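# Secondary and tertiary structure notes
As a plain string of letters, each chain reads:
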Amino acid sequence: MNYKSLKGLQDILPPDISHWHHIESTAQDVFRRYGFREIRLPVMESTDVFVRSIGESSDIVEKEMYTFEDKGGRSVTLRPEGTASFVRAYVEHHLYNNPSPQKFYYMGPMFRYERPQAFRYRQFYQIGAEAMGVEEPELDAEIISMLSVILQGIGLEGLNFEITSIGCPRCRPGYRNALREFLEVRITRFCSDCQRRYDINPLRILDCKVPSCIESRAGAPPVLDYLCTGCEEHFGRVIKALKLLHIPHTINPGLVRGLDYYTKTAFEVTSESLGSQKAVAAGGRYDSMVKEFGGPPTPGIGFAMGMERIVPLMKHSVAASGAPDLFFCPLGSDALEKALLLTEQLRAGGLWVEMNHDISSLRSQMRKANRMGARNVIVLGADELSRNEVVVKNMMAKEERSARLDRESLLRALGAER
Ligand code: HAM
């Protein structure tokens with residue numbers, strides 16, 4: 001049998017995984033400082049959870065969901081994103097009863113049956129954050145600032161923060177009418193999906209990726225021109241707060257999100273180095289969603305960043321911690337026993353230690369140590385055992401140090417004493 005992973009899914013192997021760990025630990029450290037706590041959600045939900053919130057006419061629901069019947073005949077879906085699952089959990093566990101703001105983060109795989117291409121996968125990983133219970137626009141700026149701190153901490157540069165407002169249920173009908181009016185005389189130029197969307201939800205036409213649709217909608221009225229007073233004031237305060245926090249940003253009235261649940265603020269962080277899949281992270285407000293899931297009206301805002309798009313941007317790559325601190329070369333069975341014991345003791349002291357397990361020649365053991373990139377090597381033969389002393393060879397600095405054959409002395413020689 002010659003099995004391969006499924007199309008659009010990938011294995012993440014060492015040493016690349018070091019980048020993933022660096023991103024995750026940087027994000028976790030920032031989340032802690034901003035008061036966000038982890039929430040772990042199932043990777044599967046009732047299909048309805050996504051259909052109702054992401055929107056029936058969205059590309060995700062129409063084309064991209066991994067939906068199937070389980071053995072009990074229920075329609076279930078692998079989560080295409082985290083916010084809908086999060087809000088389901090927020091309402092199910094009555095988390096709205098706790099004092100606001102409540103702040104959560106999650107990390108994990110999402111699934112979308114998209115056409116795989118560079119930086120676009122069918123299973124991809126997101127780190128997401130959601131803050132609940134505060135409707136003030138200053139929170140929006142704080143969330144965008146937190147995202148910027150995470151991305152900077154990871155070491156990314158040259159990113160664009162694009163922001164807009166997409167209005168609320170109060171101003172949306174007026175905008176929808178203006179858009180319909182614009183589209184009406186042109187609708188035959190659009191693809192069949194868009195023609196259908198014209199009746200159900202014309203806003204989705206703005207998100208269509210078909211080139212002729214992109215061309216035909218040029219000049220469509222921007223939603224920013226149709227905001228109600230409340231949304232306009234909200235957006236103005238978000239921009240003011242972003243300026244106060246010195247977060248460079250661009251107002252992009254043409255920014256369209258592929259999910260229906262957004263209200264007011266929407267944003268995307270993009271990188272030109274990623275070609276057509278340029279969104280590194282994206283998010284926005286969703287002030288109506290908790291109520292739609294059966295909870296009390298509760299505003300929310302969040303974002304998610306895509307791991308597979310961040311990793312390739314990590315140019316100044318983190319030193320891949322792909323090499324052991326020490327490699328033991330025992331010569332003979334007594335030395336092998338001693339090496340086994342010391343290896344365990346030094347690991348307990350916090351070091352990554354490897355040893356050779358068979359009794360082979362020193363040359364072949366040294367070759368193995370070199371191939372692993374071991375930072376230090378200790379050769380342990382009968383002579384070293386009888387003198388109770390070894391030489392620690394630092395392979396990087398090409399230096400040698402003597403040490404006694406005990407844990408403390410070795411840790412000291414390896415520069416790892418407490
Ligand atoms: P989204 O824009 O659909 O938003 O996805 C967020 C990020 O996930 C994207 O900016 C991108 O980096 C990554 N991403 C999406 N699809 C793929 C893919 N097929 N392959 C690789 N990466 C991908 C959401 O998912 C919202 N839940 C974000 C949010 C949280 N809004 C409020 N709270």
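Per chain, residue numbering runs from 1 following the sequence as it is written. pLDDT decides what is reported in this predicted model: residues at 70 or higher carry local features, side-chain atom pairs at 80 or more are listed and counted, and totals for whole chains, interfaces and linings draw on all residues regardless. Side-chain descriptors were evaluated using all non-hydrogen atoms of the structure, hydrogens and water having been removed beforehand.

For the rest of this paragraph, the subject is the site of the ligand. Proximity is defined per residue: if any heavy atom of the residue lies within 4 Å of a molecule or strand, that residue is considered near it. Around the ligand sit 27 residues in total, of which Glu81, Thr83, Arg112, Glu114 and Tyr262 are the nearest. The contact in question runs from a nitrogen atom of the ligand to an N or O atom on the side chain of Glu130, over 2.8 Å. Here a nitrogen atom of the ligand and a side-chain polar atom of Tyr262 are 2.6 Å apart. The accessible surface values rely on the Shrake-Rupley method and a 1.4 Å probe; as for residues, cover is taken only from the protein chains in view. The fraction of the free accessible surface of the ligand (660 Å²) that becomes covered by protein chains is 96%. Counting from the N terminus, the helices are DSSP H or I runs at least four residues long and the strands are E runs at least two residues long. Listing elements by their share of the shell around the ligand, those giving two or more residues are β6 (123-132), β10 (279-285) and β11 (300-306). Here the shell around the ligand gets six residues from one element, more than from any other, and that element is β10. Ten residue types, Ala, Val, Leu, Ile, Met, Phe, Trp, Tyr, Cys and Pro, are classed as nonpolar, four, Asp, Glu, Lys and Arg, as charged, and the remainder, Gly among them, as polar. Its residues assigned to classes, the shell around the ligand comprises 14 nonpolar, six polar and seven charged. Polar contacts, as counted here, are pairs of nitrogen or oxygen atoms within 3.5 Å of one another; within protein the pair requires one atom able to donate a hydrogen and one able to accept it, and residues that are adjacent in sequence qualify only if both atoms are side-chain atoms.

As a further point, take the pattern of salt bridges. Put simply, a salt bridge is a Lys or Arg side-chain nitrogen that is within 4 Å of an Asp or Glu carboxyl oxygen. As enumerated under the stated definition, the model contains 28 salt bridges in all. Between Glu38 and Arg40 there is a salt bridge, with the nearest N and O atoms lying 2.9 Å from each other. Judged by relative accessible area, which is 33%, Glu38 ranks as partly exposed. In this structure, the salt-bridge partner of Arg120 is Glu114, at a minimum N-O distance of 3.9 Å. For each residue, the accessible area found with a 1.4 Å probe, counting protein chains only, is set against the maximum for its type, and the residue is called buried under 20%, exposed over 50%, and partly exposed in between. A relative accessible area of 14% means that Arg120 is categorised as buried.

Take the domain arrangement of the protein next. Here the protein is described as being made up of domain 1 (17-171 + 227-314) and domain 2 (326-415). Centre-to-centre, using C-alpha coordinates, domain 1 lies 49 Å away from domain 2. Boundaries between domains were set according to an automatic or database domain assignment.

Strand β9 (residues 263-270) sits mainly inside the fold: eight of its eight residues count as buried. At least two DSSP bridges between two strands are needed for those strands to be called paired. In this sheet, β9 lies alongside strand β7 (residues 160-165) in antiparallel orientation, the contact comprising six bridges. Bridge pairing in β9 links Ile163 to Phe267. The pairing of β9 with β10 spans six bridges and is antiparallel. By the bridge assignment for β10, Ala266 is matched with Gly284.

Looking now at the nonpolar core. In a soluble, globular protein the nonpolar side chains are often hidden away together inside. We define a nonpolar core as any set of buried Ala, Val, Leu, Ile, Met, Phe, Trp, Tyr and Cys residues linked to one another through side-chain atoms lying within 4.5 Å. In terms of nonpolar packing, the biggest core is built from 49 residues, with Phe31, Leu151, Phe303 and Met305 touching the most fellow members. Top element by residues in this core is helix α5 (residues 137-154). It accounts for nine residues. Membership of the second largest hydrophobic core comes to 45 residues, among which are Ile166, Phe190, Tyr261 and Tyr262.

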